[in-house]
Amino acid sequence: MIPLADIEAAARRLKGGIHHTPMLRSTAIGDRAGVHLHLKCESMQKTGSFKARGALHKVLRLAPDERARGLCTVSAGNHAQAVAWAAQREGLPCTVVMPEHAPQAKVDAVRGYGATIVFHADHATLFERLEQVRAETGATFVHPFDDPVVLAGAGTCGLEIVDDLPEVEVVIVPVGGGGLMAGVTSAIKQRRPQTRVVAVELAEGPGMGPALDAGRPVPVSRPAGTLADGMTPPFVGAIPLGIAREAVDDIVTVTEADIVSALELLLTRAKLVAEGSGAAATAALLAGHVQVRPGAVACAIVSGGNVDVERLCAAIARRATAEHVSAR
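Notes on the structure follow. Just so it is clear, the model here is predicted, and its values are computed rather than measured.

Cut-offs used in this document
- Each residue is numbered by its place in its chain's sequence as written, counting from 1.
- Owing to the predicted nature of the model, reporting of local features is limited to residues with pLDDT of at least 70; listing and counting of side-chain atom pairs is limited to 80 or more, with chain, interface and lining totals taken over all residues.
- As a rule here, side-chain values cover all heavy atoms of the structure and leave hydrogens and water aside.
- Using a grid of 1 Å spacing that covers the protein atoms alone, one calls a set of points a cavity when a 1.4 Å probe fits there but cannot get out, and a pocket when the set is open and has protein on both sides within 12 Å along at least five of seven lines; lining residues are those with an atom within 4 Å of a point.
- Grid points are joined across faces, edges and corners, and a volume is the space filled by probe spheres set on the points.
- Helix numbers and strand numbers start at the N terminus; a helix is a DSSP run of H or I with at least 4 residues, a strand a run of E with at least 2.
- Residue classes follow a fixed rule: Ala, Val, Leu, Ile, Met, Phe, Trp, Tyr, Cys and Pro count as nonpolar, while Asp, Glu, Lys and Arg count as charged, and any other residue, Gly among them, counts as polar.
- Whether two strands pair comes down to DSSP finding at least two bridges between them.
- Note on method: axes are straight lines fitted to C-alpha atoms, helices fitted across the in-contact stretch only, with angles between N-to-C directions ranging 0 to 180 degrees.
- The contact criterion used throughout is that any non-hydrogen atoms of two residues lie within 4.5 Å.
- Our angle categories are set so that under 35 degrees counts as roughly parallel, over 145 as roughly antiparallel, 65 to 115 as roughly perpendicular, and the remainder as oblique.
- Partly exposed residues are those whose accessible area sits between 20% and 50% of the maximum for their type, while under 20% is buried and over 50% is exposed, using a 1.4 Å probe and protein chains only.
- To estimate how far a helix should reach, multiply one less than its number of residues by 1.5 Å.
- Polar contact is the term for a pair of N or O atoms within 3.5 Å; when the atoms are in protein, one must be able to donate a hydrogen and the other to accept it, and sequence-neighboring residues count only if both atoms are side-chain atoms.
- Throughout, a crossing is termed right-handed when the near helix is turned clockwise from the far one, and left-handed when it is turned anticlockwise from it by less than a right angle.
- Put simply, a salt bridge is a Lys or Arg side-chain nitrogen that is within 4 Å of an Asp or Glu carboxyl oxygen.

### Let's talk about the layout of surface pockets
Any empty space left between the atoms is revealed when a probe the size of a water molecule rolls over them.
Piece 1. Here the largest pocket is characterised by a volume of approximately 210 Å³.
Piece 2. Residue assignment for the lining of the largest pocket shows that the elements contributing at least two residues are α1 (4–14) and α8 (148–164).
Piece 3. Of the residues that constitute the lining of the largest pocket, the class distribution is four nonpolar, four polar and five charged.

Take a look at the structure:
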């Protein structure tokens, strides 16, 4: 795991640079799952997701020669935004490799922070394209999910959970590349070992489960057009894989339909705008995939809120239409 001392040091470095995000009690949603549910609102973080924690921490730790070369990264959106924001904050140039199908809201945000975008058509070779950009520019790579400094930053979310909800019995966290899961698990298991950590993947394209089966990160097929684009990197990180094997209590999957249902409930009952990956933890709980005792104190991490409003509304409308048709 990422050492607790490293995560605590990251929290000190980040103080004043990021938000200590709210922990909101949601009785209406929790009652549906039979738990006392608290939502860790990383959707209210700088840049709209937890990624600001790791990106800024990495930039603050760079040596002068690394800063002088500028930054580069690869991301479908949230990490791209976070690195672009951190670069702008520190006055550094930034280049981001993004898939051509990245959500427009995230593309617009990256441009708004002043970064240069390089679009790439083949999702499976995004990291290869990043290496080309890195070779051409000499920029310093800020890895989205497989850098211990980035993961220590992400782990500060776990520290806040335990500080704000010391009685928490289960923490549910979405998994894409595994950075949030790795950091949060490291913090929680070293601060409160009895708390269970449940990781959530997309049923249509899981990455951590296949990696655990293979004993190493493996290329995986991810669904195109999903609302949970933050959970669709081409593989999981080696460091998160090791942490999952060592300390995560369970890994479950959710469907796109589960996520859309959770998105609607978060919007209408908790008054939270979440993106697909941000709703995945809540979706797993509501769908009954998380084994938890009745009345348990649970925390679902709402990892981000950067969603295209048109896509969100269309998905909810399709769900409502399908339910109406099936009820006839």
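Next comes the rest of the write-up.
### Regarding the sheet that holds strand β10 (residues 297–302)
Piece 1. One open sheet accounts for six strands, arranged β1-β2-β10-β7-β8-β9; its pairing is mixed. The sheet is open, and its two borders are formed by β1 (23–25) and β9 (250–254), each paired with just one other strand. Between one strand axis and the next, the sheet turns through 25° on average, direction left out of account.
Piece 2. In this sheet, strand β2 (residues 36–41) lies alongside β1 in antiparallel orientation, the contact comprising three bridges. Considered in β2, the bridge of L24 is made with L39.

### Structural notes on empty space enclosed by the protein
Piece 1. A full pass over the atoms with the stated rule returns three cavities of 30 Å³ or more.
Piece 2. Put simply, the largest cavity is a space of about 390 Å³.
Piece 3. Forming the walls of the largest cavity are 29 residues, and the residues nearest its centre are K51, G177, G230, M231 and P233.
Piece 4. For the lining of the largest cavity, the elements supplying multiple residues, two or more each, are α5 (78–90), α7 (126–137) and α9 (179–191).
Piece 5. At three residues, α9 tops the list of elements feeding residues into the lining of the largest cavity.
Piece 6. For the lining of the largest cavity, the residue count by class is 14 nonpolar, 13 polar and two charged.

### Notes on the sheet that holds strand β6 (residues 140–141)
Piece 1. Read across the sheet, four strands follow the order β5-β4-β3-β6 without closing on themselves; strand pairing throughout is parallel. At either end of the open sheet lies a strand with only one pairing partner, and these are β5 (116–120) and β6.
Piece 2. Bridge analysis of strand β4 (residues 94–99) against β5 gives five bridges, and the strand direction is parallel. Bridge pairing in β5 links V97 to V118.

### Details of the environment of A115
Piece 1. In this fold, A115 is placed in the loop between α6 (104–112) and β5.
Piece 2. Note: C-alpha distance between A115 and A214 (99 residues apart in sequence) is 37 Å.
Piece 3. Residues in contact with A115, not counting those within four places in the same chain, are A84, C94, V96 and V110.

### Some points on the packing of helix α12 (residues 256–268) against helix α13 (residues 276–286)
Relative orientation and spacing of two packed helices are given, respectively, by the angle between their axes and the distance between those axes.
Piece 1. Relative orientation of the contacting elements α12 and α13 amounts to 100°, with a least axis distance of 8 Å. Here α12 lies roughly perpendicular to α13, going by the angle between them. Packed against α12, whose contacting residues are D258, I259, A262, L263, L265 and L266, the element α13 presents G276, A279, A280, T282, A283 and L286 at the interface.
Piece 2. Split by residue class, the contact of α12 with α13 holds nine nonpolar, two polar and one charged.

### Points about the pairing of β2
Piece 1. For β2, the buried fraction is high: five of the six residues fall into the buried class.
Piece 2. Bridge count for β2 against β10 is six bridges, and the pairing is parallel. The partner of H38 across the bridge, within β10, is C299.

### Description of α8
Piece 1. With 17 residues, α8 should cover 24 Å at 1.5 Å per step; its first-to-last C-alpha distance of 24 Å lies within 8% of that length.
Piece 2. Within α8, 14 of the 17 residues are buried, leaving the element largely enclosed by the surrounding structure.
Piece 3. Looking at where α8 begins, the residue whose side-chain oxygen comes 2.7 Å from the main-chain nitrogen of V149 is D147.

### Some points on the side chain of S75
Piece 1. Residue position: S75 is located in the loop between β3 (71–74) and α5.
Piece 2. For S75, the side chain forms a polar contact with the main-chain nitrogen of G77, separated by 2.8 Å.
Piece 3. Side-chain polar atoms of S75 contact the backbone nitrogen of A80, separated by 3.0 Å.
Piece 4. Leaving out residues up to four positions away in the same chain, S75 has contacts with A80, V97, M98 and P99.

### A short note on the packing of α9 against helix α11 (residues 238–247)
Piece 1. As a packed pair, α9 and α11 sit with axes 9 Å apart at the nearest point and diverge in direction by 40°. In terms of axis orientation, α9 runs oblique to α11. For the element pair α9 and α11, the recorded crossing hand is left-handed. From α9, G179, M181, A182, T185, S186 and K189 reach across to α11, where they touch P240, I243, A244 and A247.
Piece 2. Taken together, the residues of the contact of α9 with α11 break down into six nonpolar, three polar and one charged.

### Focus: the pattern of salt bridges
Piece 1. Counting across every chain of the model gives 14 salt bridges.
Piece 2. We note a salt bridge from K58 to D147, for which the minimum N-O separation is 2.8 Å. Of this pair, K58 sits in helix α3 (residues 51–61) while D147 sits in the loop between β6 and α8, placing them 89 residues apart in sequence.
Piece 3. Of the residues examined, K58 reaches a relative accessible area of 14% and is grouped as buried.

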